[in-house]
Structures are given as C-alpha cells and as structure tokens.
Amino acid sequence: MRILIAADQLLFQEGLINLLHAHGYEVAGVAENGMDAFKRTKHLRPDVVLMDIFMPQCDGLESAMLINANFPEVKIIMLTPSENEDQIFNAIKAGACACLGKDFTSCELFEFLQTLSKDELTISPEVARRILQEEFLKKTEAGDIYELNCRQQKVLNLVSQGYCYRNVAAQLGITEGTVKHHIKSILDKVHGQNRMQLVHYIANSNLNDI
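Residues numbered from 1 in each chain as written. Predicted model: local features only at pLDDT ≥ 70, side-chain atom pairs only at ≥ 80, totals over all residues. Heavy atoms only, no water.

## Re the packing of aromatic side chains
- The tally for this structure, following the rule as stated, stands at two aromatic pairs.
- With a centroid separation of 5.5 Å and 15° between ring planes, the pair formed by Tyr-25 and Phe-110 is classed as stacked. With a gap of 85 residues between them, Tyr-25 in the loop between α1 (10-22) and β2 (26-31) and Phe-110 in helix α5 (residues 106-117) connect regions that are remote in the sequence. We note that Tyr-25, like Phe-110, is buried.
- Plain terms: the ring middles of Phe-38 and Phe-71 are 6.0 Å apart, the flat faces sit at 35° to each other, and that makes the pair tilted. (Phe/Tyr/Trp six-rings, centres within 6.5 Å; stacked < 30°, edge-to-face > 60°. Helix = DSSP H or I, 4+ residues; strand = E, 2+ residues; numbered from the N terminus. Buried < 20%, exposed > 50% of the residue type's maximum accessible area, 1.4 Å probe, protein only.)

Listed below in structure tokens is the structure:
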C-alpha cells in the first residue's frame, strides 16, 4: 500500500513517515497543502491519502473533492483536530473513506488501513444516516432519484429511520457485513453524483495541465 501524506506541520509529517515506515508501509510522497495533495495524487497515484482537514491554499475538504472527482480509486483518510461529528460528516461528504482525530493511536491508524485494504465501510451508522438523509432529500426535492436496487432501498429506509447496522441486518435476515456493503454502494452513488458537479469546473480550469 502506497500512502501520500498531506499535512502542513513538518513535525507531524515526520512522525507519520517514521510510523508508517516502521510498519512496512511505503510513503509515496508528502504534500503541504490541499492543492499540492491533488497535484501529487495525479503524479504519484497513491493507494491512500492521509489528509489533514485544515491546510492552507486549499483545505482537506476541497482537496478530497478534487481527488475524488479525478481519481475515485484513491482512498482518503481525513485527519481532524477532534472526532467532531460535523467535521466527520463534512469529510465523508467530500469523499473521505474514514476519519481519525489527531490524537489517534498507531493501533487505530493501522486498523483503519487494514479496513481500507479490505474495501470495508469505516464510518458510523449515525454519520451515514445524516449523509443519506441530506443527499436523498435534495434529490427528491429536485425531482430526481438515485438508481437503487430493492435491497439497497430497504437498507436505506431502515438506516434513515435510525436503525444501527446490526438491527438492519436482523430485520432483513442478512449479515452486518452485507449491510455495510450495501451502505458503501449507496454512498458511492451519492459521492459519484456529487463528484460530477466538479467536472465542468475542472475541465475548464488549468488543473488538467498540472
């Protein structure tokens, strides 16, 4: 797994580099702001970007949206000052696969990396519910719908009502892992729709020439 680090604090960068190297991970490169993270993602094509949410020039949220619009296969772990639900909510909406408070332990970081390598969902049911409710409400009001299959619709309905993944699984007679897979598929569709909003901007800017 090749990892790009995006953070403007040099001491924090060095700590992450040493930690990742000590556990056998390859650090593909380092970026000091959000636009630099986007440029380096284009040139280096890492598997994962460890991204600080607050950076100069272009913050982590904007950078995550740009990366997802152009390189959706790259997974982003957003680093936040605290595990604030609003920050996590905004980070996931921007395209992050996971969020970590900056006081994270090495065990938590490597657990997240292992989870991403298995392509599993790493956000809480509460945050997923907020995203789904907000995005689907917007689409409903606009007269549009996302193309969901029958099982995805049932999972979405239960999650939006406040059911945790375990209870959704019990209601539908499926495993909790299957519920997470369905939620991930739904969120991918939501993010895919959101990413398309950036295409016109990117196509008509100098970003393609970077």
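So, next bit.
## Looking at the nonpolar core
- Grouped together as the largest cluster of nonpolar side chains are 24 residues, with contacts concentrated most on Ala-6, Val-49, Met-51, Ile-67, Ile-76 and Met-78.
- Counting only elements with at least two residues in this core, the list comes to β1 (2-6), α2 (34-44), β3 (48-52), α3 (60-70), β4 (75-80) and α4 (85-94).
- Here this core gets four residues from one element, more than from any other, and that element is α4.
- Look past the residues within four positions of Met-51 in its chain and what remains in contact with it is Ala-6, Ala-37, Gly-60, Ser-63, Ala-64, Ile-67, Ile-76, Ile-77, Met-78 and Leu-79. (Core = buried A, V, L, I, M, F, W, Y, C linked by side-chain atoms within 4.5 Å. Contact = heavy atoms within 4.5 Å.)

## Considerations on the side chain of Thr-41
- Locating Thr-41 in the fold gives a position in helix α2.
- Of the polar contacts made by the side chain of Thr-41, one reaches the backbone oxygen of Ala-37; its length is 2.7 Å.
- Beyond its immediate stretch of four places on either side in the chain, Thr-41 contacts Leu-4, Pro-46, Val-49, Ile-67, Phe-71 and Val-74. (Polar contact = N/O pair within 3.5 Å; in protein donor to acceptor, adjacent residues only side chain to side chain.)

## Describing the pattern of salt bridges
- Tallied over the entire structure, the rule returns two salt bridges.
- With a shortest N-O distance of 3.2 Å, Asp-36 and Arg-40 are connected by a salt bridge. Of this pair, Asp-36 and Arg-40 both sit in helix α2, four residues apart, which is roughly one turn of that helix. (Salt bridge = Lys/Arg side-chain N within 4 Å of Asp/Glu carboxyl O.)

From the geometry alone we can't say anything about function, so treat these as descriptive.
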